[in-house]
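Fold and contact review
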Amino acid sequence: MITGYSVFLIAAAVITALLAAFTGWHRRQMISSAMGIVLLLIAITLYISGYGMELASSTLAGMLFWSKVQYLGIAWIPPLLLIVVLGYADLNRHISPAVLAVLSVIPVITLALVLTQNPLHYHTVGVDTSAPFPRLVFTPGLWYFVNSSYLFMSQLVGTALLVWAYRRSTRPLYRRQVLIMAIGAIAPFVAFILYLAGLSPIPHLDLVPFALVITATAFTVGIFSFRLFDLIPIAHSVILQKIPVGVMVVDDLERVTEVNPAAEAALGLAPDEGIGRPAADLTERFPELPRILRHARPGVEEEVRHDDQHFTFEVVPLGKEGDQPAGSVLLIRDITLWRQAEESLRRRTDELEVANRQLALISAITRHDISNQLVVVDGYLDLLREDEMTPVQTGVVEQVQNATGRVRRMVTFMHDYQAIGTSAPVWTDLRSLPGKAAAEVALGEVRISNLLPDIEVLADPLLEKVIATLFENAVRHGATVTEILLSTRTDPSGLIFVCEDDGAGVAEDRKERIFERGYGSNTGLGLFLAREILSITGMKIAETGIPGVGAQFEIRVPPGRYRTRVHPGGDYGEGAESLA
């Protein structure tokens, strides 16, 4: 006999089966997170479809058959509901093989008793035709009450877990997800109580399958509208277990409410030893802990040492400004390796400084001795020139003088090159450098046009010498130079400092050779040393002028190594907007 109830339930079973198929396919690449909900939907499908077909049957044999189909779902709904809720709350660590075995004991026994029609479950069975529809009547056996209690407790625990998850969630999306799941879990729970109490609005009708339709509907809305089982919040406890930073949460009475393994290791605590204890009791390693919790400023780290270990402690107050104190979170970071590396680097730096001082001393002594000997050689050459010499002898003396001049330039080069990179880079006012550099060069009638903006560059202190070298190079080799123009521009590669003149320029085949060591060595530091000085801070120099029109040197300053200069009082210099 087909009734409206059976049609409704069968139609709902088809929809639930489709939902199970969709969920399984949609999350097929995440089998572990999808399996629980898919199996639960299959169990619900079996339950409501079996009951729908039972209501459509008119014989005892037919009703018993569909009752067995129902129990393929009924028996597994309780453990599957728990598994789904635990998975959503990210408490999967509690679902061990042993726990799954325990959860499966009652369902397996129930199925065995139902499928064999053992009287421990249904003591007696029959068909009642006095109701508006034929129904299976039975006298429950002992195990029926055991299975009913198991179903009741599972739904109760699942509901409690959802309430816990709701209270813990802070994001509206996750709270809506919990509410959807709660509706799905509570509906059959209420229907089950009404059925057992005989309070069904329709006498003798089991309301649980109809309530499970509400469960399936709630899950459908959740999956399609709130990304249920697709976007699942990660429990904060799991995050605390995994992150390497120590986290200890204390309430407003300074009692420890949460402590992760990293914090336990730092504080020397056994697992869960600190939970519930006053923070003042956890001071065996760090006596200053209570003071830090009470007086530390938010966002300020305090370094604490224990034996050879170094830690930083940072306190993050809980609660909004103006609210009553709600406790705080203590972040503990182990910086031992960082401090050891810092100490090792400091020792190596000290060793290098000592070695550099020794090398500088040796170099200075050697240069001094060579210079003294050159003075002696020059003296003897002067004496030789006072005597009458043959042309051949005069030529030999001139060759010796040229050689001593080259040696003297080598000594000067050694002194200049030794100074490169010995000082840390500093922020240098670029606009003021040309004036200082010009004071070191005999410019004669050559004008310096300084169009540099008010900016600073992070450079070696010898940058002034580089600019002086460019000036000297222009005066010495530019022939017709009357003006040197200084300017800047920016592009994606950084800041470009341009020094250009109106002289003879540099031939194409010499644009790179002028930066080689020894080329043009009589021009102060030389362009070779200029390139070396600039390379220390990542700068590059190139000659880009047009032969016959004038020389043009471009110095490229990489991003992060130049900035608009800030004047005393906080005012930004000219050009700040264009360089921001």
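Residues numbered from 1 in each chain as written. Predicted model: local features only at pLDDT ≥ 70, side-chain atom pairs only at ≥ 80, totals over all residues. Heavy atoms only, no water.

Moving on, we get to the packing of helix H4 (residues 77–88) against helix H7 (residues 172–196). Packing of H4 against H7 brings their axes to within 12 Å, and their N-to-C directions diverge by 175 degrees. With respect to H7, the element H4 is oriented roughly antiparallel. Here H4 contributes Val-84, Val-85 and Tyr-88 to the contact with H7, which in turn contributes Tyr-174, Gln-177, Val-178 and Met-181. Here the residues of the contact of H4 with H7 sort into six nonpolar, one polar and no charged. (Axes fitted to C-alpha atoms, helices over the stretch in contact; angles between N-to-C directions. Helix = DSSP H or I, 4+ residues; strand = E, 2+ residues; numbered from the N terminus. Parallel < 35°, antiparallel > 145°, perpendicular 65-115°, else oblique. Contact = heavy atoms within 4.5 Å. Nonpolar A, V, L, I, M, F, W, Y, C, P; charged D, E, K, R; others polar.)

With antiparallel pairing, three strands are arranged side by side in an open sheet as S8-S10-S15. In this open sheet, the two edge strands, each paired with only one partner strand, are strand S8 (426–429) and strand S15 (562–564). In this sheet, neighbouring strand axes are inclined to one another by 30 degrees on average, regardless of whether the strands run parallel or antiparallel. With three bridges joining them, strand S10 (residues 455–459) and S15 adopt antiparallel strand pairing. Paired with Glu-456 across the two strands is Arg-563, which belongs to S15. (Pairing = 2+ DSSP bridges.)

Read from one edge to the other, the open sheet built from five strands follows the order S4-S3-S7-S6-S5, with strand pairing classed as antiparallel. The two strands at the open ends of the sheet, each matched to only one other strand, are strand S4 (256–259) and strand S5 (302–306). Here the strands of the sheet are splayed against their neighbours by 25 degrees on average, with no regard to which way each runs. Note: S5 against strand S6 (residues 309–317), five bridges, orientation antiparallel. Across the sheet, Glu-303 pairs through a bridge with Thr-312, a residue of S6.

Before going further, it helps to spend a moment on the environment of Thr-469. As for its position among the elements, Thr-469 is in helix H15 (residues 463–477). Here Thr-469 falls in the buried class, since its relative accessible area comes to 3%. Counting along the chain gives 57 residues from Thr-469 to Gly-526, while the straight-line C-alpha distance between them is 6.4 Å. (Buried < 20%, exposed > 50% of the residue type's maximum accessible area, 1.4 Å probe, protein only.)

Scanning the model with the defined rule gives 10 aromatic pairs in all. Ring centres of Tyr-122 and Tyr-144 lie 6.4 Å apart, and the angle between their planes is 35 degrees; this geometry places the pair in the tilted category. Taken together, the residues Tyr-122 in strand S1 (residues 122–128) and Tyr-144 in helix H6 (residues 142–168) connect sequence positions 22 residues apart. Under the relative-accessibility criterion, Tyr-122 is labelled buried at 14%. Centroid distance Phe-515 to Phe-553: 6.2 Å. Interplanar angle 85 degrees. Geometry classified as edge-to-face. With Phe-515 in the loop between strand S12 (494–501) and helix H16 (526–535) and Phe-553 in strand S14 (residues 552–557), this residue pair connects regions lying 38 residues apart in the sequence. Like Phe-515, the residue Phe-553 is buried in the burial classification. Members of the aromatic cluster, connected to one another through ring pairs, are Tyr-71, Tyr-122, Phe-138, Tyr-144 and Phe-145. In this structure, Arg-531 packs its charged tip against the face of Phe-515, placed 4.1 Å from the ring centre. The positively charged end of Arg-563 is found above the aromatic ring belonging to Trp-427, 4.0 Å away from the centroid. (Phe/Tyr/Trp six-rings, centres within 6.5 Å; stacked < 30°, edge-to-face > 60°. Lys NZ or Arg CZ within 6 Å of the ring centre and 35° of its normal.)

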